[in-house]
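Descriptive analysis of the structure
Residues per chain, in single letters:
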Amino acid sequence: MAPRITRIESTEFSYPLEDVGTDEHGFNLVYEPGTTTERKLFGLRIETDAGIAGEYVGGNSPAFAQINTVADYLLGRNPLHRERHWSELKRALRKYDRMGMGPLDIALWDFAGKYHDAPIHELLGTYRERIPAYASTYHADDNGGLDSPEAYADFAERCLEMGYSGFKIHGWGGGDDAREVGREVETVRAVGERVGREMDLMLDPACEYETFGDALTVGRACDEQGFFWYEDPYRDGGISQHAHRKLRQQLDTPLLQTEHVRGLEPHTDFIANEATDFVRADPEYDAGITGAMKLARVAEGFGLDVEFHAPGPAQRHCIAATRNANYYELALVHPDCRNTQPPVYEGDYSDQLDAIDAEGTVPVPDGPGLGVEYDWEYIEENALGGRTYE
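Bear in mind that the values here come from a model prediction, so they are computed numbers and not experimental data.

As a further point, take the nonpolar core. If you look at the biggest cluster of nonpolar residues, it comprises 107 residues, and the most contacted ones within it are Y164, F167, V191, L203, Y230, F308 and Y374. Setting aside residues up to four positions removed in sequence, L203 forms contacts with K168, I169, V188, Y209, V218, C222, F227, W229, Y230 and E231. Counting six residues, the second-largest nonpolar core is a separate cluster that includes Y134, M202, L256 and F278.

Let us now look at the sheet that holds strand β15 (residues 383-389). Within a sheet, adjacent strands bond to each other through the backbone by hydrogen bonds, running parallel or antiparallel. Reading across the sheet, the four strands line up as β3-β2-β1-β15 and stay open at both edges, with antiparallel pairing between neighbours. Since the sheet does not close on itself, it has two edges, and those belong to β3 (53-58) and β15, each with one partner. Taking each pair of neighbouring strands and ignoring which way they run, the sheet shows an average axis angle of 15 degrees. Both strand β2 (residues 29-48) and β3 contribute to a ladder of six bridges, which runs antiparallel. The residue bridging G43 from the neighbouring strand is V57, located in β3. Against the sheet, helix α3 (residues 101-116) engages β1 (5-22), β2 and β3, with an angle of about 140 degrees to β3.

Here the focus is empty space enclosed by the protein. Considering all chains together, one arrives at two cavities of 30 Å³ or more under this definition. Taken together, 14 residues form the lining of the largest cavity, with W86, G263, L264, D286 and A287 sitting closest to its centre. The set of elements that each furnish at least two residues to the lining of the largest cavity consists of α2 (82-92) and α10 (288-301). For the lining of the largest cavity, the element with the most residues is α10, which contributes three residues. In the lining of the largest cavity, the residues fall into six nonpolar, two polar and six charged. In this structure, the second largest cavity spans a volume of roughly 50 Å³.

For the rest of this paragraph, the subject is the state of the cysteines. All chains considered together, the criterion is met by zero disulfides. This cysteine, C207, is not joined by any disulfide, and C222 carries the nearest cysteine sulfur, 15 Å off. By relative accessible area, C207 is classed as buried at 12%.

Counting across every chain of the model gives 26 salt bridges. Ionic pairing is found between R7 and E47, a salt bridge with its closest N-O pair at 3.6 Å. In this pair, R7 sits in strand β1 while E47 sits in strand β2, placing the two residues 40 residues apart along the sequence. On the basis of relative accessible area, R7 is assigned to the partly exposed category, the value being 22%.

Let's shift gears to helix α8 (residues 241-250). The complete set of buried residues in α8 reads A243, H244 and L247. Buried residues of α8, seen end-on, are gathered within an arc of 90 degrees and therefore sit on one face of the element. Against α7 (212-225), β7 (229-231), β8 (255-257) and α9 (264-272) lie the buried residues of α8. In this structure S240 caps α8, since a side-chain oxygen of it lies 3.1 Å from the backbone nitrogen of A243.

The step from A331 to L332 runs through a cis peptide bond, and the omega angle for that step is -10 degrees. Even without glycine at this site, C207 takes up a positive phi of about 65 degrees. For C207, the location among the structural elements is in the loop between β6 (200-203) and α7. For T258, which is not a glycine, the phi torsion comes out positive at approximately 95 degrees. Relative to the helices and strands, T258 is located in the loop between β8 and α9.

Across its 14 residues, helix α1 (residues 61-74) extends 20 Å between first and last C-alpha, which sits within 8% of the 20 Å expected from 1.5 Å per residue. The largest bend along α1 reaches roughly 45 degrees and is located at N68. Among the residues of α1, A63, F64, Q66, I67, V70, A71 and L74 are the ones counted as buried. As for α1, its buried residues are in contact with β1, β2, β3, α2, α3 and β15. Among the residues of α1, the N-terminal cap falls to N60, whose side-chain oxygen and the backbone nitrogen of A63 are separated by 2.9 Å.

Here we come to the pairing of β2. The pairing of β1 with β2 spans 16 bridges and is classified as antiparallel. Looking across to β2, one finds that S10 is bridged to L44.

Where α2 meets α3, the closest approach of the two axes is 11 Å, and the angle between their N-to-C directions is 170 degrees. What the angle tells us is that α2 and α3 run roughly antiparallel. Where α2 approaches α3, its residues R82, H85, W86, L89 and K90 are matched on the opposing element by M101, L104, D105, L108, W109 and A112. For the contact of α2 with α3, the class distribution of residues is seven nonpolar, one polar and three charged.

Before going further, it helps to spend a moment on the environment of E12. Along the chain, E12 falls in strand β1. Between the C-alpha atom of E12 and that of H116, which follows or precedes it by 104 residues, the distance is 29 Å. With residues near it in sequence (within four places) discarded, E12 still touches K40, L41, F42, S61, N382, A383, L384, G385 and G386.

Moving on: the packing of aromatic side chains. One pass over the structure, following the stated rule, counts 14 aromatic pairs. A ring pair is formed by Y374 and W376, whose centres lie 6.2 Å apart and whose planes are at 80 degrees; its orientation type is edge-to-face. A single burial state applies to Y374 and to W376, both of which are buried. Cluster of aromatic residues (ring-pair linked, three or more members): Y134, F228, W229, F278 and Y327.

Thresholds applied
The residue count restarts for each chain, going from 1 along the sequence in the order it is written. Reporting of local features is limited, given that this is a predicted model, to residues whose pLDDT is at least 70; pairs of side-chain atoms are given and counted only at 80 or more, and all residues count toward the totals for whole chains, interfaces and linings. Heavy atoms from the whole structure form the basis of all side-chain values; hydrogens and water molecules are not counted. Working definition of a nonpolar core: buried Ala, Val, Leu, Ile, Met, Phe, Trp, Tyr and Cys residues. They are joined through side-chain atoms within 4.5 Å. Think of it in three bands: with a 1.4 Å probe and only protein chains considered, a residue is buried below 20% of the maximum accessible area for its type, exposed above 50%, and partly exposed in between. Contact between two residues is taken to exist if any of their heavy atoms lie within 4.5 Å; hydrogens are not considered. Strands are labelled as partners when DSSP assigns at least two bridges between them. The helix count covers DSSP runs of H or I at least four residues long, the strand count covers runs of E at least two residues long, and both are numbered beginning at the N terminus. Geometry is summarised by axes, namely lines fitted to C-alpha atoms with helices restricted to the contacting stretch, and by angles between N-to-C directions that run from 0 to 180 degrees. A cavity here means a set of points on a 1 Å grid, drawn over the protein atoms and nothing else, where a 1.4 Å probe fits but cannot get out; a pocket is an open set with protein on both sides within 12 Å along at least five of seven lines, and a residue lines either one if it has an atom within 4 Å of a point. Grid points are joined across faces, edges and corners, and a volume is the space filled by probe spheres set on the points. Each residue gets one of three labels, nonpolar for Ala, Val, Leu, Ile, Met, Phe, Trp, Tyr, Cys and Pro, charged for Asp, Glu, Lys and Arg, and polar for the others, Gly among them. The criterion for a disulfide is a pair of cysteine sulfur atoms lying within 2.5 Å. By convention in these notes, a salt bridge is any Lys or Arg side-chain nitrogen within 4 Å of a carboxyl oxygen on Asp or Glu. It is the directions from the helix axis to the C-beta atoms that the arc portrays. Under this definition, polar contacts are N or O atom pairs within 3.5 Å; protein pairs additionally need one hydrogen-donor-capable and one acceptor-capable atom, and for neighbouring residues in sequence, both atoms have to be side-chain atoms. A helix's residues, less one, multiplied by 1.5 Å, set its expected span. Note on bend: the value at a residue is the angle between axes fitted to the seven residues ending there and to the seven starting there. With respect to orientation, any angle under 35 degrees is reported as roughly parallel, any angle over 145 as roughly antiparallel, any angle of 65 to 115 as roughly perpendicular, and every other angle as oblique. Centres within 6.5 Å make a pair out of two Phe, Tyr or Trp rings, where for Trp the six-membered ring is used; the pair is then stacked when the planes are under 30 degrees apart, edge-to-face when over 60, and tilted otherwise.

In structure tokens form, the structure reads like this:
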């Protein structure tokens with residue numbers, strides 16, 4: 001008998017980030033000694049009559065609002081029919097950004113791996129089992145952490161000594177004074193001069209820059225230092241094909257775009273219209289492992305590399321099955337505080353700064369499904385609410 005979905009349960013929970021605050025606008029996470037920020041995530045379980053549950057922890061409130069609208073569709077259906085469900089949910093959520101598809105699809109892949117007693121990367125087709133990682137920083141602060149170009153250079157050097165072969169700067173977000181591109185340029189030069197001969201360097205302004213001139217000025221500094229990529233400089237949110245094509249024409253540093261572009265077809269159009277060099281994908285943002293792997297194959301067909309956004313077990317499985325990917329993003333890291341990873345992993349899974357080995361790589365989980373065990377007791381003890389569908 002084919003398995004059937006019998007119950008779907010989502011649980012919102014919170015966990016503390018110690019010595020972490022936000023910039024003055026409240027959007028960028030920054031090092032702030034003595035401050036504790038509460039972060040909210042969701043735990044998702046898709047239960048079946050086979051006695052196996054597909055699980056995933058992540059997502060946000062807007063995504064789970066979309067899950068509320070489509071969860072009933074999955075009840076009673078075969079959880080192994082992922083491609084069919086992906087197509088139906090894509091249509092059902094066509095008026096929205098489809099962020100709700102990601103957690104559901106990842107949980108269905110987790111079920112499939114457990115059902116077949118295989119890690120997800122084997123179901124996808126394993127290409128590698130260890131992945132080079134780059135250190136991806138918190139945003140700059142004025143609190144004694146990443147508070148100067150020299151502090152970034154010091155941290156990059158420390159990461160190099162640990163074994164990292166790549167280092168990405170999230171720079172001076174915050175108030176109007178903090179957005180002066182001069183400090184961005186100084187940071188690019190300080191890091192480049194310190195470790196640029198030994199590491200791949202990246203810059204992600206996180207859509208902070210106000211003008212084309214700002215983006216061009218910082219991009220030319222990246223050119224001078226031979227940066228590996230330049231990511232999301234524009235205040236447009238990273239979605240204007242014309243703007244990024246024009247910027248590409250003026251710079252030598254490759255652009256990495258599409259983190260904020262939703263959907264297979266818009267990603268494909270971005271590539272076809274020569275608006276990026278590297279392609280961004282994320283199994284949580286891009287309609288699950290199914291959606292992210294479609295993007296990887298599209299990029300491969302165009303001869304481009306796909307770089308997966310953010311850390312997590314789903315990302316590791318995707319990269320393990322993707323030839324045309326260079327790095328795993330260990331984010332967000334800082335010399336004085338911990339990553340934003342929730343404390344819900346039992347066993348030795350980690351995305352902290354010290355998760356790499358001496359060669360700067362992280363392993364791919366080899367247990368069934370995602371290959372991680374979630375601490376559901378912690379999630380329930382810190383629950384804020386949730387929904388059940390049955």
